[in-house]
Amino acid sequence: MAQSAAPAIAAPAITPISLKAIAPWALFFGILMLVLLYFVGAEQGAVSVISGENVHEWVHDGRHLLGFPCH
């Protein structure tokens, strides 16, 4: 009879992550994405928060990539 020298290893139990644990991170990343979307899509326009052309030049290619008109 052949016997295995290695002991059988049980699969680890998968525990689901609760919505209560994910909610703060989802809110944080949601706000971060809205801020980034604002800077790419609306900054240096009619509702400019930062004066000058610096932000426009930093996100210029991102505007074209996402389809925002800028000039």
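1. Looking at the overall build of the protein chain
Helix and strand counts for the protein chain come out as three helices and zero strands. Walking the protein chain from its N terminus toward its C terminus, one meets helices and strands in the order α-α-α. Contacts spanning at least 24 positions in sequence make up 16% of the contacts within the protein chain whose residues lie at least 6 apart. About 6,400 Å² of surface is accessible on the protein chain, with carbon and sulfur atoms providing 72% of the total.

2. Some thoughts on the packing of aromatic side chains
Applying the stated criterion to the full structure yields three aromatic pairs. Centroid distance Trp-25 to Phe-28: 6.4 Å. Interplanar angle 90°. Geometry classified as edge-to-face. In this pair, Trp-25 and Phe-28 both sit in helix 1 (residues 19–41), three residues apart, roughly one turn of the helix. Judged by its relative accessible area of 45%, Phe-28 falls in the partly exposed class. Ring centres 5.1 Å apart and planes at 70° place the aromatic pair Phe-28 and Phe-29 in the edge-to-face group. Ring pairing ties together the aromatic residues Trp-25, Phe-28 and Phe-29, which thus form one cluster.

3. Here's the deal with a nonpolar patch on the surface
On the surface, a nonpolar cluster with roughly 630 Å² of combined accessible area is contributed by Trp-25, Phe-28, Phe-29, Leu-32, Met-33 and Leu-36. Here Met-33 is to be found in helix 1. Overall, Met-33 belongs to the partly exposed group, its relative accessible area being 47%.

4. Brief notes about the confidence of the model for the protein chain
Averaged over all residues, the pLDDT of the protein chain is 78; the fraction at 70 or higher stands at 80%. Confidence, read as mean pLDDT per element, is least for helix 2 (residues 54–58) in the protein chain (73) and greatest for helix 1 (90).

Calculation notes
Per chain, residue numbering runs from 1 following the sequence as it is written. Where local features are concerned, this predicted model is filtered to residues with pLDDT of at least 70; where side-chain atom pairs are given and counted, the filter is 80 or more; whole-chain, interface and lining totals use all residues. Note that the side-chain values use all heavy atoms of the structure and ignore hydrogens as well as water. Only DSSP runs of H or I covering at least 4 residues are called helices, and only runs of E covering at least 2 are called strands; the numbering of each starts at the N terminus. Throughout, a contact is declared for two residues whenever any of their heavy atoms are within 4.5 Å. Here the open area of atoms and residues is found with the Shrake-Rupley method and a 1.4 Å probe, where only the protein chains shown may cover a residue. Centre distance within 6.5 Å is the pairing criterion for rings of Phe, Tyr and Trp, where only the six-membered ring of Trp is used; planes under 30 degrees apart are then read as stacked, over 60 as edge-to-face, and the remainder as tilted. For each residue, the accessible area found with a 1.4 Å probe, counting protein chains only, is set against the maximum for its type, and the residue is called buried under 20%, exposed over 50%, and partly exposed in between. Nonpolar side chains (Val, Leu, Ile, Met, Phe, Trp, Tyr) are joined into patches within 5 Å and like charges within 9 Å, using only residues with over 30% relative accessible area and no salt bridge. For this document, the term salt bridge refers to a Lys or Arg side-chain nitrogen within 4 Å of an Asp or Glu carboxyl oxygen. Residue-level confidence of the predictor, termed pLDDT, takes values from 0 up to 100.

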